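# Examining the three-dimensional arrangement
The lines below spell out each chain.
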Amino acid sequence: MSAARQPSPTVREEAAAVPAAEPEAVAAAEPAAEPEAVAAADPGAGPAKRPRAPRARRAAPPHGVRPAPPLGGEERARLLEGRHHDPHGVLGARAQRGGVVFRVLRPFAKTVTVVAKGLRAELFDEGDGLFSGLLPLTGVPDYRLLVAYDSVEIEVDDPYRFLPALGELDLHLIGEGRHEELWTALGARPMEHQGVAGTRFTVWAPNAQGVRVTGDFSYWDSLAHPMRSLGSSGVWELFLPGVGEGTLYKYDITRPDGSHTLRADPMAQYAEVPPATASVVTASRFVWQDAEWMATRAARPAHQAPFSVYELHLASWRPGLSYRQLADQLPAYVKELGFTHVEFMPVAEHPFGGSWGYQVTGFYAPTSRMGTPDDFRLLVDALHRAGIGVIVDWVPAHFPRDEWALAEFDGRPLYEHQDPRRAAHPDWGTLEFDYGRKEVRNFLVANAVYWCQEFHVDGLRVDAVASMLYLDYSRDEGDWSPNEHGGREDLDAVALLQEMNATVYRRCPGVVTIAEESTAWDGVTRPTDSGGLGFGLKWNMGWMHDTLRYVSKEPVHRKYHHHDMTFAMVYAFSENYVLPISHDEVVHGKRALVSKMPGDWWQQRATHRAYLGFMWAHPGKQLLFMGQEFAQGSEWSEAYGPDWWVLDPAYPAAGDHRGVRDLVRDLNRAYGAAPALWERDSVPEGFAWVEADASDDNVFAFLRYAQDGSQLLCVSNFSPVVRHGYRIGVPEEVPQWREVLNTDMEAYGGSGVHHARPLRPEPVPAQGRAVSLRMTLPPMATVWLRP
């Protein structure tokens, strides 16, 4: 890597700007005596009367410069081998008896000269890149260094003359594992320190013997910039003047055994485009324009609001688009379809695109594949200005083993659990976090807050929660140890999730957290102060599996699986649910949603439409993965993205696919206009079965209720025959019902069987009700009716 690197723009500009013999510097430094001596020789002489040196010759060092006391052999070795915990105690300038000692570490330099007002002193070369000298000064001046290499001479500030740029409060909070804005304390932060512009580098590596920062500013030579340890915190710090945004860097860590490892910054907020792995110094200059959205998003809790989600993989939604190009196209598309939110599969930096982002190496860095962090902010801002919320997938369950990332970061298990049995994830070849370690817990909790605060995201969908909650997850007997109570629950993971949820909800009003939790864990969406995990919503994996099993059967066989469609109502109000048809259901041989349906192409599309109509009316929020909104027939591939070509008018079946997309648009619009479908999703009072047992007919019917008592009737017929004169019992107080949505309409690709006029109840009992509607049920279709 080092051969390909170039110096940072800051260094190059300095090098070009400082000639080998700068006239002003020479003039100021020519007198052999200090300024006080000049004044004594000529009391009337001020700065203007001071004699100027000839421009052509280099100033001689001040009289009396002597070699500095040599470093002890062990201290010198520790410094040069990257094992020194306090390089600032050795390097830089410090007053001592007899003057001021200057010591500089500049590998490959030919000469190093100390430059200050009235001072220019060339230091002695100690070898190995060390330069030093004892100058007869009464105090440490405000100095810079003139460093000469083979073909260039640059003037720079000495990094080792600066006090720590990290405050005591930050260190205290880090030590307690309670720094809720950890990204402001750790990582690379451009700043002005002691009046000088540069970048503060801080990294947590408590097991390291020493840490050095390296990058394109040093031609990737690790020797020049050792960092200091800030006590028992395990944090290492160095302020590098002149280093700014765009700089590439990594940490050279000396492990406990003395070996070295070169690591990306765990707290980096920007990274090189994979497969390159360096971290990048960055700072945001983005000006948000979503103030109205942010001010009003907390007006209604998510579980009582319209909430339909379009899930997508950003890198493949339209392959090749940047964040900025997505900001031009995605909001308009999603708004036209009527979804209230988008959900991005993980956008945090990851090395392998085929992981879809679920194996994260840069938890604080939006992937650079599509642009900068500010470009990602622009995308979120554009969606907000279009009235669309943004959810991102968050992955605290595991991380990959890449040797340049988090695994054994400082030579020992640090982010992963100390017990190898608990560290290794049995399914994915990854490592699990040590949730019981306060600094690791802080890293994750602050990361959740980071995405909400820094990028204004409106929700976090937490991946693989079940794998976090159980010590025996995918493990055989003997491969796990019970908790302190003898149970299988991971109490540390429970505490982490509770702390994360409580912190996010406290700090970020209007944000919702969503659990992908596939078991029957009690209280996933119960508040933490009542013993729950504290999530706002939970994916209903049981509903998804049951209903997909039902619709995948031939209609003649569906009567034997009828209650796969009704079983979810047994537990529907135990949590606040999302009904997910996600990416996981349309990959790895599972087939696209429409391709799961039996029958010919017409029947497949009809069942697809009927299923979506049933889903949008069912208690719970909705989530649909990209491509399924227009019934693409192939599985999703991250290499190609959705089959947009099926919508091309030149394609003979384009009208079929456009019809399904039009249905999704109308489902969302009708859903948003009907509070009965979303206000009481999580309470029994919002739902009532009308017909749950018509297995021979493949018919389901239910009522939904808003808080004001207004109603919506949903009737689904999953058989391929038209059912004439079908009786559906309805409440007596409603004088007539009108059809507001019918998935069998010709505009959607259906047969066009519908009720053009309102239906009036007749005094004919049905399903235990005194009055009923006499309906014509379209084949393989769902119909919504409202009073």
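Described in the following lines is the structure provided in the data block. Predicted model only: the values in this text are computed from it and were never measured.

To continue, consider the nonpolar core. If you look at the biggest cluster of nonpolar residues, it comprises 178 residues, and the most contacted ones within it are Leu314, Phe344, Phe376 and Trp784. Element by element, the count of residues in this core is highest for helix 11 (residues 438-455), at eleven residues. Grouped together as the second largest cluster of nonpolar side chains are 21 residues, Val690, Val699, Leu703 and Tyr705 included.

Across the five residues that make up strand 17 (residues 308-312), a large majority, five, are buried. Across the two faces of strand 17 the burial is the same, with Ser308, Tyr310 and Leu312 and Val309 and Glu311 all buried. Pairing between strand 17 and strand 18 (residues 341-344): four bridges, direction parallel. Looking at the pairing, Glu311 lines up with Glu343 of strand 18.

Glancing now at the sheet that holds strand 12 (residues 228-229). Read from one edge of the open sheet, four strands run 9-10-13-12, paired in antiparallel fashion. Every interior strand has two partners, whereas the edge strands, strand 9 (187-193) and strand 12, have only one. Strand direction decides the pairing type here: strand 9 and strand 10 (residues 196-204), joined by seven bridges, are antiparallel. Residue pairing in the sheet places Gly187 in a bridge with Thr202 of strand 10.

Tracing the sequence through the fold places Gln269 in the loop between strand 15 (260-263) and strand 16 (279-280). Among all residues touching Gln269, those that are not within four sequence positions of it are Trp183, Thr282, Tyr364, Ala365, Pro366, Pro373 and Tyr450.

Quick look at the pairing of strand 15 now. Across the two faces of strand 15 the burial differs, with Thr261 and Arg263 buried and His260 and Leu262 not buried at all. When strand 14 (residues 248-254) meets strand 15, the two strands line up antiparallel, connected through four bridges. Its bridge partner being in strand 15, Tyr251 is matched across the sheet by Arg263. Between the end of strand 14 and the start of strand 15, which pair antiparallel, lie five residues, with Gly258 showing a positive phi angle near 90°.

We now examine the packing of helix 8 (residues 323-337) against helix 9 (residues 373-385). Running from N to C, helix 8 and helix 9 cross one another at 10°; their axes reach a closest spacing of 8 Å. Considered as vectors, helix 8 and helix 9 are oriented roughly parallel to each other. Contacts from Tyr323, Arg324, Leu326, Ala327, Leu330 and Pro331 of helix 8 reach helix 9 at Asp375, Phe376, Leu378, Leu379, Ala382 and Leu383. For the contact of helix 8 with helix 9, a count of residues per class yields ten nonpolar, no polar and two charged.

On the basis of which strands lie adjacent, the open sheet formed by four strands has the order 4-3-7-8 and antiparallel pairing. Because the sheet does not close on itself, it has two edges, and the strands there are strand 4 (119-122) and strand 8 (153-156). Neighbour-to-neighbour, the strand axes of this sheet turn through a mean angle of 20°, independent of strand direction. Inspection of the sheet shows strand 3 (residues 111-116) paired to strand 4 by four bridges, in the antiparallel sense. Residue Ala116 lies in a different strand from strand 4, and its bridge partner there is Leu119.

To continue, consider the packing of aromatic side chains. Remark: the centre distance and the inter-plane angle together describe each pair of aromatic rings, the angle taken between the planes. On inspection of all chains with the given rule, the structure shows 46 aromatic pairs. Measuring from ring centre to ring centre gives 6.0 Å for Tyr310 and Tyr333, while their planes differ by 50°; the resulting arrangement is tilted. Separated by 23 residues along the polypeptide, Tyr310 in strand 17 and Tyr333 in helix 8 bring together distant segments of the chain. Relative accessible area serves as the criterion here: at 0%, Tyr310 is assigned to the buried category. Among the residues examined, Tyr333 registers a relative accessible area of 11% and is labelled buried. Between the aromatic rings of Phe614 and Phe718, the centroid separation amounts to 6.3 Å while the plane-to-plane angle is 75°, which identifies the pairing as edge-to-face. Of the two residues, Phe614 is situated in helix 16 (residues 601-617) and Phe718 in the loop between strand 29 (711-717) and strand 30 (723-730); the sequence distance between them amounts to 104 residues. We note that Phe614, like Phe718, is buried.

With the rule as written, the count across this model stands at zero disulfides. Sulfur of Cys452: no disulfide; nearest cysteine sulfur belongs to Cys508 and is 4.5 Å away. Since its relative accessible area comes to 3%, Cys508 is described here as buried.

This part takes up helix 13 (residues 491-507). Look at helix 13: 24 Å from first C-alpha to last across 17 residues, which is about the 24 Å you get at 1.5 Å a residue. Listing the buried residues of helix 13 in full gives Ala493, Val494, Leu496, Leu497, Glu499, Met500, Asn501, Thr503 and Val504. Contacts made by the buried residues of helix 13 are with strand 21 (389-394), helix 11, strand 22 (459-462), helix 12 (465-469) and strand 23 (512-515). Structurally, the start of helix 13 carries an N-cap: the backbone nitrogen of Asp492 is 3.1 Å from a side-chain oxygen of Asp490.

The geometry of helix 5 (residues 168-176) relative to helix 11 is characterised by a closest axis approach of 7 Å and an angle of 110° between their N-to-C directions. Judged on the interaxial angle alone, helix 11 and helix 5 are roughly perpendicular. From helix 5, Leu173, Ile174, Gly175 and Glu176 reach across to helix 11, where they touch Lys438, Glu439 and Asn442. When the residues that make up the contact of helix 5 with helix 11 are grouped by side-chain class, the tally is two nonpolar, two polar and three charged.

Further remarks concern helix 16. For helix 16, which comprises 17 residues, the first-to-last C-alpha distance of 25 Å matches the rise-based estimate of 24 Å (1.5 Å per residue) to within 8%. Among the 17 residues in helix 16, 14 count as buried, and that is most of the element. Measuring from the backbone nitrogen of Trp602 back to the side-chain oxygen at the start of helix 16 gives 3.2 Å, which picks out Asp600 as the cap.

This next bit is on unusual backbone geometry. Comment: phi is negative for the bulk of residues other than glycine, and the bulk of peptide bonds are trans. Between Pro274 and Pro275 the backbone carries a cis peptide bond, its omega angle lying at 15°. Tracing the backbone through its elements, the reader meets Pro275 in the loop between strand 15 and strand 16. Non-glycine residue Ala631 carries a positive phi angle of around 55°. Secondary-structure assignment places Ala631 in the loop between strand 26 (621-625) and helix 17 (654-672).

One water molecule sets the probe size; rolling that probe over the atoms shows where empty space is left. For the coordinates displayed, the defined rule picks out eight cavities of 30 Å³ or more. Residue composition of the lining of the largest cavity, by class: nine nonpolar, five polar and three charged. Quantified by volume, the second largest cavity comes out at close to 110 Å³. Looking at the lining of the second largest cavity, the elements with two or more residues in it are strand 10 and helix 11. Considering every element that reaches the lining of the second largest cavity, the biggest residue donor is helix 11, with three residues. A class-by-class count of the residues in the lining of the second largest cavity yields nine nonpolar, one polar and two charged.

Calculation criteria
Residues numbered from 1 in each chain as written. Predicted model: local features only at pLDDT ≥ 70, side-chain atom pairs only at ≥ 80, totals over all residues. Heavy atoms only, no water. Core = buried A, V, L, I, M, F, W, Y, C linked by side-chain atoms within 4.5 Å. Buried < 20%, exposed > 50% of the residue type's maximum accessible area, 1.4 Å probe, protein only. Helix = DSSP H or I, 4+ residues; strand = E, 2+ residues; numbered from the N terminus. Pairing = 2+ DSSP bridges. Contact = heavy atoms within 4.5 Å. Axes fitted to C-alpha atoms, helices over the stretch in contact; angles between N-to-C directions. Parallel < 35°, antiparallel > 145°, perpendicular 65-115°, else oblique. Nonpolar A, V, L, I, M, F, W, Y, C, P; charged D, E, K, R; others polar. Phe/Tyr/Trp six-rings, centres within 6.5 Å; stacked < 30°, edge-to-face > 60°. Disulfide = S-S within 2.5 Å. Expected span 1.5 Å × (residues − 1). Polar contact = N/O pair within 3.5 Å; in protein donor to acceptor, adjacent residues only side chain to side chain. 1 Å grid on protein atoms, 1.4 Å probe; cavity = no way out; pocket = protein on both sides within 12 Å on 5 of 7 lines; lining within 4 Å. Points joined across faces, edges and corners; volume = space filled by probe spheres on them.

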